[in-house]
Amino acid sequence: ESSAAGLAESEVLGTLRRVFGYEAFRGEQEAVIEHVVDGGDAVVLMPTGGGKSLCYQIPSLVRPGTGVVVSPLIALMQDQVDALRALGVRAGFMNSTQDFDERRVVEAEFLAGELDLLYLAPERLRLESSLELLARGKISVFAIDEAHCVSQWGHDFRPDYLALSLLGERWPDVPRIALTATATDATHQEITQRLGMPDARHFVASFDRPNIQYRIVPKADPKKQLLSFLKEEHAGDAGIVYCLSRNSVEKTAEFLCRNGIEAVPYHAGLDAGTRAAHQSRFLREEGLIVCATIAFGMGIDKPDVRFVAHLDLPKSVEGYYQETGRAGRDGLPSTAWMAYGLNDVIQQRKLIQSGEGDEAFQRRAAAHLDAMLALCETVQCRRAQLLAYFGQDAETTACGNCDTCLVSPETWDGTVAAQKVLSTVVRLQRERGQKFGAVQIVDILLGNRTAKVIQFDHDQLSVFGIGEELSEGEWRGVVRQLLAQGLLAVEGEYGTLVLTEASGTVLRREREVPLRKEPKKPVTTKSASPR
Ligand code: ADP
Ligand code: ZN
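All of these numbers come straight from a predicted model, not from anything done at the bench.

Peer 1: Would you take a moment to explain the site of ligand 1 for this structure?
Peer 2: In the vicinity of ligand 1, 13 residues are found, and the nearest of them are Tyr 22, Gly 50, Gly 51, Lys 52 and Ser 53. Taken together, the residues of the shell around ligand 1 break down into 4 nonpolar, 6 polar and 3 charged.

Peer 1: So what exactly am I meant to see when it comes to the nonpolar core here?
Peer 2: By size, the foremost hydrophobic cluster in this structure holds 84 residues, and its most contacted members are Ala 309, Ile 441 and Val 479. With near-sequence residues (within four places) excluded, Ile 441 lies in contact with Val 421, Thr 424, Val 425, Phe 436, Val 479 and Leu 497. Residues Cys 55, Leu 61, Leu 125 and Ala 147 belong to the second largest nonpolar core, which totals 56 residues.

Peer 1: I keep staring at helix 20 (residues 472-484) and nothing clicks. Help me out?
Peer 2: Because each turn of an α-helix spans 3.6 residues, side chains separated by three or four positions in sequence point in the same direction. The end-to-end C-alpha distance of helix 20 is 18 Å, a good match for the 18 Å that 13 residues give at a rise of 1.5 Å each. The element helix 20 is extensively covered by neighbouring structure, given that 10 of its 13 residues are classed as buried. All of the buried residues along helix 20 are Trp 475, Arg 476, Gly 477, Val 478, Val 479, Arg 480, Gln 481, Leu 482, Leu 483 and Ala 484. Phi turns positive, to about 75°, at Gly 486, one or two residues after helix 20.

Peer 1: In this structure, what is going on with the sheet that holds strand 11 (residues 289-292)? I would like to understand it.
Peer 2: Across a sheet, paired strands are connected by hydrogen bonds in the backbone, their directions being either parallel or antiparallel. Pairing within the open sheet is parallel, and its 6 strands lie in the order 8-13-12-9-11-10. The open sheet has two edge strands, strand 8 (212-218) and strand 10 (263-266), and neither has a second partner. Geometrically, the sheet is characterised by an average inter-axis angle of 15° between neighbouring strands, direction not taken into account. Examined bridge by bridge, strand 10 and strand 11 share 4 bridges and lie parallel to one another. Within strand 11, the position partnered with Val 264 by the bridge is Val 290. Relative to the sheet, helix 9 (residues 222-233) contacts strand 8, strand 9 (239-242), strand 12 (307-310) and strand 13 (334-340), its axis offset from that of strand 13 by approximately 160°.

Peer 1: I tried to follow the sheet that holds strand 5 (residues 139-144) on my own but got confused; where do I start?
Peer 2: With respect to topology, 7 strands assemble into an open sheet ordered 3-4-2-5-6-1-7, the strand pairing being parallel. Looking at the sheet topology across the chains shown, the edges are occupied by strand 3 (91-94) and strand 7 (201-204). Between one strand axis and the next, the sheet turns through 20° on average, direction left out of account. Of the strands in this sheet, strand 1 (42-45), strand 2 (66-70), strand 4 (117-120), strand 5 and strand 6 (176-180) touch helix 3 (residues 53-62), which is tilted by about 170° from strand 5.

Peer 1: Please explain the environment of Leu 497 as it appears in this structure.
Peer 2: One can find Leu 497 in strand 16 (residues 496-499). Of the residues examined, Leu 497 has 24 C-beta atoms within 10 Å and is grouped as buried. With 151 residues separating them along the chain, Leu 497 and Ile 346 place their C-alpha atoms 9.1 Å apart. Sequence-distant contacts of Leu 497, that is, excluding residues within four places in its chain, are made with Val 425, Phe 436, Gly 437, Ala 438, Ile 441, Leu 488 and Val 490.

Peer 1: Just checking my understanding: could you explain the packing of helix 18 (residues 438-446) against helix 20 for this structure?
Peer 2: A pair of packed helices can be characterised by two numbers: the angle between their axes and the separation between those axes. The interhelical angle for the contact between helix 18 and helix 20, taken along N-to-C directions, is 125°, at an axis separation of 10 Å. Comparing the axis directions of helix 18 and helix 20 gives the class oblique. Every pair of crossing elements has a handedness; the one defined by helix 18 and helix 20 is right-handed. Where helix 18 approaches helix 20, its residues Ala 438, Ile 441, Val 442, Leu 445 and Leu 446 are matched on the opposing element by Glu 472, Trp 475, Arg 476 and Val 479.

Peer 1: How do you make sense of the environment of Glu 9 when you look at a structure like this?
Peer 2: Relative to the assigned elements, Glu 9 resides in the segment before helix 1 (11-20). Sequence separation between Glu 9 and Gly 39 is 30 residues, and the spatial gap between their C-alpha atoms is 20 Å.

Peer 1: Is there a simple way to explain the environment of Tyr 494 in this structure?
Peer 2: Following the sequence through the fold, Tyr 494 ends up in the loop between strand 15 (488-491) and strand 16. For Tyr 494, a count of 11 C-beta atoms within 10 Å corresponds to the exposed category. The sequence separation of Tyr 494 and Phe 282 amounts to 212 residues, and the corresponding C-alpha distance is 38 Å.

Peer 1: Whenever I open this one, the pairing of strand 5 confuses me. Can you help?
Peer 2: Look at any regular strand and the pattern is simple: side chains alternate between the two faces of the sheet. Most of strand 5 is tucked away, with 6 of its 6 residues classed as buried. Strand direction decides the pairing type here: strand 2 and strand 5, joined by 5 bridges, are parallel. Looking at the pairing, Val 68 lines up with Phe 142 of strand 5. Across 3 bridges, the pairing between strand 5 and strand 6 is parallel. Residue Ile 144 lies in a different strand from strand 6, and its bridge partner there is Ala 178.

Peer 1: Even after reading the chapter, I still don't get the packing of helix 2 (residues 29-37) against helix 3, so can you show me in this structure?
Peer 2: At a minimum axis separation of 9 Å, helix 2 and helix 3 run at an interaxial angle of 40°. As far as their axial angle goes, helix 3 and helix 2 are oblique. Crossing handedness for the pair helix 2 and helix 3: right-handed. Seen from helix 2, the contacting residues are Gln 29, Val 32, Ile 33, Val 36 and Val 37; seen from helix 3, they are Leu 54, Cys 55, Ile 58, Pro 59 and Val 62. Its residues assigned to classes, the contact of helix 2 with helix 3 comprises 9 nonpolar, 1 polar and no charged.

Peer 1: Would you take a moment to explain the confidence of the model for the protein chain for this structure?
Peer 2: Low pLDDT marks stretches whose predicted atomic positions should not be read closely. Of all residues in the protein chain, 95% have pLDDT values of 70 or greater, and the mean over the chain is 90. Note on residues 1-6: pLDDT under 50 across the span, and 2 contacts to partners over four residues away in sequence or across chains. Predicted confidence is poor over residues 525-531, with pLDDT under 50, and the contacts of this stretch with residues over four places away or in other chains come to 13 contacts. Overall fold confidence (pTM) sits at 0.73, and the ipTM for the predicted complex is 0.97.

Quick notes on the rules
- Residues numbered from 1 in each chain as written.
- Chains lettered and ligands numbered in written order.
- Predicted model: local features only at pLDDT ≥ 70, side-chain atom pairs only at ≥ 80, totals over all residues.
- Near = placed C-beta within 6 Å.
- Nonpolar A, V, L, I, M, F, W, Y, C, P; charged D, E, K, R; others polar.
- Core = buried A, V, L, I, M, F, W, Y, C linked by C-beta atoms within 7 Å.
- Buried ≥ 20, exposed ≤ 12 C-beta atoms within 10 Å, placed from the backbone.
- Contact = placed C-beta atoms within 7 Å.
- Helix = DSSP H or I, 4+ residues; strand = E, 2+ residues; numbered from the N terminus.
- Expected span 1.5 Å × (residues − 1).
- Pairing = 2+ DSSP bridges.
- Axes fitted to C-alpha atoms, helices over the stretch in contact; angles between N-to-C directions.
- Parallel < 35°, antiparallel > 145°, perpendicular 65-115°, else oblique.
- Left-handed = near helix turned anticlockwise from the far one by under 90°.
- pLDDT = per-residue confidence, 0-100.

Shown next, in the form of structure tokens:
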């Protein structure tokens, strides 16, 4: 163990080897740990699987006193503590799942200085009794895990996190380390500000996950598309399929089972016992698929998740990155696959409009969605775009391991097509005082005499049948891209199409509208290897 140069092994490296059995630190770990051991505050942004836990576990072991870890993942605390105890670390937790006696034991251990690590649910720190307890013991470091939960704009917002700024006020001499895998500049700044850590040093790891292949395919028959994706590329692999609603989670799991692929559902509507059983089957068994809402996955440490599939559009790039990041934590080739279509755009826009929150909240939600749509519609490297979103430069502008790099999408001049769509919307509104959804607009353009077209005399419109040069799928693609680019908007419960301020520039021929050609053949990439 002693090094050839005769230098003493540092205390933190010794702890890594002796307690955790790892040979060397990864990436920024050592710098973070040294900084916190020296008493500095830190904000750590590391992708999922990057090794955040050691960043606070080792300082907790090296500094005198107990490391207090605030984590929203109550369901995982027992497992985390058990895993640490198996390594000989004196760890305990306090949360609502415990009875009085269990809590008393942990409290006594803490006060006697017999704990290296104490995991706490954030709501504990709202109780004056908990704060008084902490004040009577000795604390080495405060770790705030999943620190993005303090962000009101994120989908994981926890009001209890807002109270955590008091830790710095009451324990000014105890270093704090905030950790997250979510990292736009905005979230980043919000963490620093809301947790009151202006002097914290920031450690930002690369967000690139080179072993994950990113693919976004046009949605036609999503369940069938998923099935062939699984059969062709991931037979027998473990993976997660994300759906927006509980209902589609259930349906998708049933569909896969009917087709001979083992899948279990997971969503907040299932009882706790079923959820726990499905989660632990996923962790223990090989090749099981979990169909889930985003309720599933936070804190799940399964290294060999070979794919993450999205059947519905995530609300933000942060969500997409975090969810897809659960694939390939072992570094082996994995796929992030998503089916995306016109209805996703309409549905998400409607959700924002009819959703909770004030105007500012809705504007933020819309901006998040726009970034997600831009990622879907890009003709450039998806990885480069993803990293740019997180403020990081990609190594190259073409990673060679995403669909747009593998089969570069063609663009075409969609100016005339865009004008046709927008004129149809205008005609309906001006001449008839009517608003319709995408289906009707496309039927009018194609000259389809459907019952609904006849009912409203839409075959009498001058725009009826002016779009026969494109197929129905292509028109839906045009509408989807116009919505994504903000050249068209949806309104109300039925998702009717309306113009935006920017629509005028197209109608007045002041700008061109380059569009992405809908790929005809799916990208198959079995032979593609990561760079
Ligand atoms: P995160 O919390 O960032 O998602 P974890 O702390 O759970 O990541 O670490 C992910 C995995 O990597 C764990 O299995 C952990 O034991 C392992 N790991 C972390 N640091 C190292 C290291 N320096 N050497 C080897 N394995 C490590
Ligand atoms: Zn690429």
